[in-house]
Amino acid sequence: MSSASSVSALYGGNAGRRVTVRDIGAAKARHERWPMVTAYDAMTARVFDEAGIPVMLVGDSAAMVVFGYDSTLPVTVDDLISLTAAVVRGSSRAMVVADLPFGSYQASPQQALESATRFMKEAGAHAVKLEGGTRVLPQIETLVSAGIPVMGHLGLTPQSVNVFGGYRVQGRGQSGEELMADAKALEHAGAFSLVLECVPTDLANRVTTALSIPTIGIGAGPGTDAQVLVWQDLMGLTEHPAKFVKKYADLAGEMHRAVRTFADEVVTGAFPTAEHSYS
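Conventions adopted
- Residues numbered from 1 in each chain as written.
- Predicted model: local features only at pLDDT ≥ 70, side-chain atom pairs only at ≥ 80, totals over all residues.
- Heavy atoms only, no water.
- Helix = DSSP H or I, 4+ residues; strand = E, 2+ residues; numbered from the N terminus.
- Buried < 20%, exposed > 50% of the residue type's maximum accessible area, 1.4 Å probe, protein only.
- Contact = heavy atoms within 4.5 Å.
- Pairing = 2+ DSSP bridges.
- Axes fitted to C-alpha atoms, helices over the stretch in contact; angles between N-to-C directions.
- Salt bridge = Lys/Arg side-chain N within 4 Å of Asp/Glu carboxyl O.
- Right-handed = clockwise from strand over helix to strand, strands pointing away.
- UniProt positions renumbered as here; feature names shortened; annotations may be inferred.
- 1 Å grid on protein atoms, 1.4 Å probe; cavity = no way out; pocket = protein on both sides within 12 Å on 5 of 7 lines; lining within 4 Å.
- Polar contact = N/O pair within 3.5 Å; in protein donor to acceptor, adjacent residues only side chain to side chain.
- Core = buried A, V, L, I, M, F, W, Y, C linked by side-chain atoms within 4.5 Å.

A.B. asks: Would you take a moment to explain the overall build of the protein chain for this structure?
C.D. replies: Within the protein chain, the secondary structure is distributed over 11 helices and eight strands. Considering only C-alpha atoms, the protein chain reaches an extent of 70 × 45 × 35 Å along its principal axes. With 279 residues in all, the protein chain has 49% of them scored as buried. Counting only contacts in the protein chain whose residues sit at least 6 apart along the sequence, the fraction spanning at least 24 positions is 57%.

In structure tokens:
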């Protein structure tokens, strides 16, 4: 669907206001698919916003792609608040969703409310995302009752990687029925959408059909209502992307070429020329 489509379209639609939770739900009712990408700074947020991306996630994946850790666990609320504020400032239409990082909501609904409130007040986030099923239902209910939209996350939940024993497909066999029950419970608790990560395609399809809220797939096959990727993955910046990643550009190669050319021109004296100097 292109920017020439009707203004009701979530992707490429009316740029005069922010996308809302209501828009997300309406897209599901229209059987309209839409994209979500991660963003962590104002400049890339502006590019994605101008491209028509309706929802941007300031993911705890920043732990790896921004801060250089080997998992999502070390990133903090303070880390992500700064990044979320930058993405909000760099965009004008997209809904900006902030991840609640590990340790910021698991202890209690009150802890979740305090963390989410900081993202809304200090960073200007429009919604938050948290991981887990029935164990986080009280947190979701508390946030929603306080007026904070919540995006759920089931399947491979990276904050639980040590419990899973690695980054593995989730939801096969009986665990698929448990995931389905969790999905329905999250919807009932008030989540406005649900990320399904690394789950079998048939299970993702069944969950998508069973829920009235949109599902957002990442490694969950083509049948979900939306798809999300980490932008560094889709742009070709990561060295060993997951199976579910499609590389849409070779940004790493282009950056390497550009910086080598710059360096060579500095060494040879070809840069700067009079064109790039002041008199």
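Right, picking up where we left off after that structure.
A.B. asks: So what exactly am I meant to see when it comes to the sheet that holds strand β6 (residues 193-197) here?
C.D. replies: By way of backbone hydrogen bonds, the strands of a sheet pair with one another, either parallel or antiparallel. Judged by pairing direction, the barrel is parallel, and its eight strands sit side by side in the order β1-β2-β3-β4-β5-β6-β7-β8 before closing back on the first. Neighbour-to-neighbour, the strand axes of this sheet turn through a mean angle of 25 degrees, independent of strand direction. Pairing between strand β7 (residues 215-218) and strand β8 (residues 226-229): two bridges, direction parallel. Its bridge partner being in β8, G217 is matched across the sheet by Q227.

A.B. asks: How do you make sense of the pattern of salt bridges when you look at a structure like this?
C.D. replies: Side chains that carry opposite charge are capable of pairing whenever their charged atoms lie near each other. Under the definition given, this model contains nine salt bridges. D78 is the partner of R118 in a salt bridge, and the nearest nitrogen-oxygen pair spans 2.8 Å. Taken together, the residues R118 in helix α5 (residues 109-123) and D78 in helix α4 (residues 77-90) connect sequence positions 40 residues apart. Judged by relative accessible area, which is 30%, R118 ranks as partly exposed. One salt bridge connects E177 with R206, and the closest N-O pair in it is separated by 3.0 Å. Of this pair, E177 sits in helix α8 (residues 174-189) while R206 is found in helix α9 (residues 201-210), placing the two residues 29 residues apart along the sequence. According to the relative accessible area criterion, E177 is partly exposed, its value standing at 38%.

A.B. asks: Where do I start with the pairing of strand β5 (residues 150-155) in this structure?
C.D. replies: The element β5 is extensively covered by neighbouring structure, given that six of its six residues are classed as buried. For the segment spanning strand β4 (residues 127-129), helix α6 (residues 137-145) and β5, crossover handedness is right-handed. Here β5 runs beside β6; their pairing, made up of five bridges, is parallel. Bridging from a neighbouring strand, L154 pairs with L196 of β6.

A.B. asks: Which parts of the structure should I look at to understand the UniProt feature "binding site: Mg(2+)" (unreviewed entry) in the protein chain?
C.D. replies: In the numbering used here, UniProt assigns the feature "binding site: Mg(2+)" (unreviewed entry) to D60, D99 and E131. Across 72 residues in sequence, these annotated residues keep their C-alpha atoms within 11.0 Å of one another, forming a single compact spot. For the largest pocket, the lining residues drawn from the annotated set are D60, D99 and E131. Along the chain, D60 turns up in the loop between β2 (55-58) and α3 (62-65). Those residues in contact with D60 that lie beyond four places of it in its chain are T72, V75, L80, D99, E131 and Q159. By the element assignment, E131 lies in the loop between β4 and α6.

A.B. asks: Looking at this model, I keep getting lost on the UniProt feature "active site" (unreviewed entry) in the protein chain. Mind explaining?
C.D. replies: Within this structure's numbering, the places UniProt gives as "active site" (unreviewed entry) are E197. Ignoring sequence-local partners within four residues, the contact set of E197 consists of H153, L154, G155, L156, P158 and I218. Only 2.9 Å separates the side chain of E197 from the side chain of H153, close enough to count as a polar contact.

A.B. asks: Can you walk me through the nonpolar core in this structure?
C.D. replies: The tendency in soluble globular proteins is for nonpolar side chains to be buried as a group. Grouped together as the largest cluster of nonpolar side chains are 58 residues, with contacts concentrated most on M56, F119, L143, L194, L196 and V207. One finds A27, M36, F192 and A226 within the second-largest nonpolar core, a separate group that totals 18 residues.

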